[in-house]
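Each chain is listed here by its residues.
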Amino acid sequence: MLKKLEEHACHGGALVIYEHASEALNCDMKFSVFLPPQITDGKRPAVMFLAGLTCTHDNFTTKAGAYKKAAELGLIIIAPDTSPRGSDVPDDDNYDFGKGAGFYVNATQKPWNKHFHMESYITDELYNIIHRELPVREGRLGIMGHSMGGHGALTLYFKYPEKFVNCSAFSPIVAPAEVPWGRKAFKGYLGEDKTKWIKHDACALVREFDTIESPMILIDQGLGDQFLTEQLKPELFETACKDAGQALKLRLHEGYDHSYYFISSFIEDHLTHHAEVLSA
């Protein structure tokens, strides 16, 4: 059951913070929802935003500047947390593992396997909640994300095409099996078997994806991003998309870093990108 924690009037609609007991994660979870004014006329298309390392639902909610454009387009936006929370949930001393770093996979290794099932949480539990409890139009859900959340958006889009209609990302980790952030997370959550890692690697998944009718994927990447060379490597995904025949618009921006200043600069383009497909 959803518990409403906050509700604020916003651009003619409402921004609502919900909390619920998660069966997938064995803890309480929060997420935000922007409801545009058009919901008075019926169910609306929606986009789910997956945030990056160290973030909660609150980062996108308060920093992205997405809701004015979402109100114009009539888009619902759902922003979940990035990992399980609570005093009983195990954690790591470093920012790139444990709480705030769920990586949108289902952990199989102890002690993480009791709580860290973010893939199931997003694609099953939260997916079902928003369609049951919110005015989301059936079959009209897109997914986008930033950094670790960009990794999540891409991989879950490729793995669950029956649930997510289209995809976009800011500064995504596109080849986690090949970069330090991803290798650390995958080893900790999934174990040493690298064949299991590839099942959560966007560069590998796109090569197995049915791209014939797949909408174009939009990615924005700042060239001033401090993680660009070591952790993100967008050129690897560009090559993988070319090999697979997946339409991709990769936009590179001089001077922009990895922050929400970057996201807020181009979020309207991403919402328009989703609305064009979801409203068709």
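Numbering of residues starts from 1 in each chain and follows the order in which that chain's sequence is written. Thresholds applied to this predicted model are a pLDDT of at least 70 for local features of residues and 80 or more for the giving and counting of side-chain atom pairs; totals over whole chains, interfaces and linings are not thresholded and use all residues. Derived side-chain values reflect all non-hydrogen atoms in the structure, with water molecules and hydrogen atoms excluded from consideration.

K.L.:
Could you give me a rundown of the pattern of salt bridges, with the residues and numbers involved?
P.N.:
Salt bridge, as applied in this entry: a Lys or Arg side-chain nitrogen positioned within 4 Å of an Asp or Glu carboxyl oxygen. Applying the stated rule across the entire model yields 12 salt bridges. The partner of Asp124 in a salt bridge is Lys163, and the shortest N-O contact between them spans 3.0 Å. Here Asp124 is found in helix 3 (residues 118-133), whereas its partner Lys163 is found in the loop between helix 4 (148-159) and strand 7 (167-170), with 39 residues between them in sequence. Note that Arg207 and Asp243 form a salt bridge whose closest N and O atoms lie 2.8 Å from each other. Here Asp243 lies in helix 9 (residues 234-244) and Arg207 lies in the loop between helix 7 (202-206) and strand 8 (217-222), a separation of 36 residues in the sequence. The helix and strand labels rest on DSSP assignments: H or I over at least four residues marks a helix, E over at least two residues marks a strand, and numbering proceeds from the N terminus.

K.L.:
Any chance you could break down the nonpolar core for me, citing the residues and the numbers?
P.N.:
The criterion is simple. A nonpolar core is a set of buried Ala, Val, Leu, Ile, Met, Phe, Trp, Tyr and Cys residues joined through side-chain atoms within 4.5 Å. Only protein chains enter the accessibility calculation, which uses a 1.4 Å probe; a residue whose area is less than 20% of its type maximum is buried, one above 50% is exposed, and one in between is partly exposed. Residues Phe31, Ile122, Phe158, Tyr189 and Phe237 are the most contacted members of the largest nonpolar core, which totals 70 residues. Among the elements that line this core, the one with the most residues is helix 3, at 7 residues. The criterion used for residue contact is that any of the two residues' heavy atoms lie within 4.5 Å. Residues contacting Phe158, with those up to four places away along its chain left out, are Ala202, Leu205, Val206, Phe209, Ile217 and Phe237. Listed in part, the 28 residues of the second largest apolar core include Ala51, Ala66, Phe170 and Tyr260.

K.L.:
Can you explain the side chain of Lys69? Please cite residues and give values.
P.N.:
On the secondary structure map, Lys69 appears in helix 2 (residues 67-73). Dropping the residues within four chain positions of it, Lys69 is found in contact with Glu268, Leu271 and Thr272.

K.L.:
I'd like to hear about the sheet that holds strand 2 (residues 13-22), residue by residue, with values.
P.N.:
The pairing of strands in a sheet comes from backbone hydrogen bonds and takes either a parallel or an antiparallel form. One open sheet accounts for 9 strands, arranged 1-2-3-5-4-6-7-8-9; its pairing is mixed. Since the sheet does not close on itself, it has two edges, and those belong to strand 1 (3-10) and strand 9 (248-253), each with one partner. On average, each strand axis in the sheet is tilted by 20 degrees relative to the strand beside it, whichever way the strands run. We call two strands paired when DSSP finds no fewer than two bridges between them. One ladder, built from 3 bridges, connects strand 7 with strand 8; its direction is parallel. To obtain each axis, a line is fitted to C-alpha atoms, and for helices this fit is confined to the stretch in contact; angles are then taken between N-to-C directions over 0 to 180 degrees.

K.L.:
Before we move on, could you go through the pairing of strand 4 (residues 44-50) and cite the residues and values that matter?
P.N.:
Across the 7 residues of strand 4, 7 count as buried, placing the element largely inside the fold. As paired elements, strand 4 and strand 6 (residues 136-146) share 6 bridges and run parallel to each other. Bridge assignment links Leu50 to a residue of strand 6, and that residue is Gly145. Across 3 bridges, strand 4 lies against strand 5 (residues 76-80) in parallel orientation. Its bridge partner lying in strand 5, Met48 is registered against Ile78.

K.L.:
Any details on the pairing of strand 3 (residues 27-35)? Residues and values, ideally.
P.N.:
Burial of strand 3 is extensive: 7 of the 9 residues sit out of reach of the surface. As paired elements, strand 2 and strand 3 share 9 bridges and run antiparallel to each other. What sits directly across from Val16, in strand 3, is Val33. Once strand 2 ends, the chain turns through 4 residues before running back antiparallel as strand 3, passing Asn26 with a positive phi of about 55 degrees. Bridging between strand 3 and strand 5 involves 4 bridges; their strand directions are antiparallel. By the bridge assignment for strand 5, Val33 is matched with Ile78.

K.L.:
Let's hear about the packing of aromatic side chains: which residues, and what values?
P.N.:
What counts as a ring pair is set by centres within 6.5 Å for rings of Phe, Tyr and Trp (its six-membered ring), and what kind of pair is set by the plane angle: stacked under 30 degrees, edge-to-face over 60, tilted for all other angles. Here the structure, examined in full by the defined rule, presents 21 aromatic pairs. Between the aromatic rings of Tyr157 and Phe158, the centroid separation amounts to 5.6 Å while the plane-to-plane angle is 50 degrees, which identifies the pairing as tilted. According to the relative accessible area criterion, Tyr157 is buried, its value standing at 2%. An aromatic cluster of three or more residues is present, and its members are Phe34, Phe49, Phe60 and Tyr67.

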